[in-house]
Amino acid sequence: LEVAITARAGHAIELARDATHPCVIVIGGDGTLHEAIQGLMARPAGSPGVTFGIIPSGSGNTVAWDMRISSVAEAAAAIVGGATRRIDLAELSADALELPSIEGGGGSDTRPAEKASPNAVTAVLEGPRGYGDKIYSINIVGWGLPATVLRSAEELRCCGGPAQYNLAAYRSLIANRAYHASVSFEEGYANPYAGSTHDDDSYIMVQSQTTVHMGDKMPFCPRAKLDDGLLDLVMIRHTSRCGLVGIMENAKVAKHTEGPQVEYHQVASYTLHPTKADSGPLSVNVDGELVGFSPCRVTCIPGAIEVYSAW
């Protein structure tokens, strides 16, 4: 048994990547879990397999909740019991994407479309946190409002705790920004929109999950399964402030998908191209961390990791 305590942001990535034991147990919240996943996926080819365990001790513990682990005792019982399952991850990448022209505040950008390259974001993501040009999600990949709220919360860090996130959410609600993007669904899976593109539509948010729940245990993707090989993608079109409040209230009881402003898809992969700013490094919320980039392709990696199971 080896016990390691994280000392800085990104440290859990290194510890999980370099682990020599057949089992890695994370004691922490969703942020620590997110980092450990990056490390596990960065292990060199041919490395021994690792079984992943979660003991929830953070403020959110959303992923553990989906795994039916709500306490330290339940987590310990799952680990000692030894039953395991393989669950999916989402991979965010910028490989071989075509960039559309981007419209700025003064009119359309007349630059021709070019190949998207991860190089521009790699310099940021390979900093002290140790990210590369692929980022893995065990919970959410959110663009638009989810990223704006995180960015705003950083500016309100002086408030501390839940207050900074609540204030950031209220600020974003009052602003009621529209986010413009093209979202493409790729061929090769059972989806009526396969091969089609939602071209330059106006959204409040575009968010995919491998889990049912997001922050505050909200069942935002009620049809999601941890091991079905699909991403559950929710696209909320721009609406009024009252409309947005209604959607989010309904989301607390998984009724939001019935509204006309909400599209719900189950897909193997999709691409996101922001068309009016809101792109580049640190423009996507990945598991509650503002580390993702756009434009991007988001792909489900079926059975990517093995976890101790309580369900």
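Conventions used here
Residues numbered from 1 in each chain as written. Predicted model: local features only at pLDDT ≥ 70, side-chain atom pairs only at ≥ 80, totals over all residues. Heavy atoms only, no water. Helix = DSSP H or I, 4+ residues; strand = E, 2+ residues; numbered from the N terminus. Buried < 20%, exposed > 50% of the residue type's maximum accessible area, 1.4 Å probe, protein only. Contact = heavy atoms within 4.5 Å. Areas by Shrake-Rupley, 256 points an atom, 1.4 Å probe, with all protein chains shown as cover. 1 Å grid on protein atoms, 1.4 Å probe; cavity = no way out; pocket = protein on both sides within 12 Å on 5 of 7 lines; lining within 4 Å. Points joined across faces, edges and corners; volume = space filled by probe spheres on them. Nonpolar A, V, L, I, M, F, W, Y, C, P; charged D, E, K, R; others polar. Phe/Tyr/Trp six-rings, centres within 6.5 Å; stacked < 30°, edge-to-face > 60°. Lys NZ or Arg CZ within 6 Å of the ring centre and 35° of its normal.

Draft legend 1. Looking closely at the overall build of the chain. Along the chain, the regular secondary structure elements total eight helices and 15 strands. Looking at the chain as a whole, 49% of its 311 residues qualify as buried. Contacts in the chain between residues far apart in sequence, at least 24 positions, make up 72% of those at least 6 positions apart. Taken as a whole, the chain presents about 14,100 Å² of accessible surface, with 55% of it coming from carbon and sulfur.

Draft legend 2. Structural context of the layout of surface pockets. As a volume, the second largest pocket reaches approximately 650 Å³. Taken together, 19 residues make up the lining of the second largest pocket; nearest its centre are Glu 2, Val 3, Ala 4, Val 24 and Ile 25. Here the lining of the second largest pocket gets five residues from one element, more than from any other, and that element is strand β1 (residues 23–28). In terms of residue class, the lining of the second largest pocket is built from 13 nonpolar, four polar and two charged.

Draft legend 3. Spatial organisation of empty space enclosed by the protein. Under the criterion given, the structure shown has one cavity of 30 Å³ or more. Looking at the largest cavity, its volume works out to about 40 Å³. Surrounding the largest cavity, Leu 92, Val 141, Gly 142, Trp 143, Val 206, Tyr 270, Leu 272, Val 284, Cys 296 and Val 298 form its lining. At the level of secondary structure, the elements contributing two or more residues to the lining of the largest cavity comprise β7 (140–144), β12 (269–274) and β15 (296–308).

Draft legend 4. Spotlight on the packing of aromatic side chains. Across all of its chains, the model carries one aromatic pair by this definition. Above the face of the Trp 65 ring, Lys 217 is positioned so that its terminal group lies 5.4 Å from the ring centre. Positioned above the aromatic ring of Tyr 264, the side-chain terminus of Arg 223 is 4.1 Å from the ring centre.

Draft legend 5. Quick peek at the side chain of Gln 38. Inspection of the secondary structure puts Gln 38 in helix α2 (residues 30–41). Discounting residues that sit within four places of it in the chain, Gln 38 has contacts with Ile 13, Tyr 131, Ile 135 and Tyr 136.

Draft legend 6. Up close: unusual backbone geometry. Here the residue pair Ser 294 and Pro 295 is connected by a cis peptide bond, since its omega of 5° sits within 30 degrees of zero. With respect to the helices and strands, the residue Pro 295 is situated in the loop between β14 (289–294) and β15. The phi dihedral of Asn 176 falls on the positive side, at around 50°, and the residue is not glycine. Here Asn 176 is to be found in the loop between α7 (161–175) and β8 (179–185).

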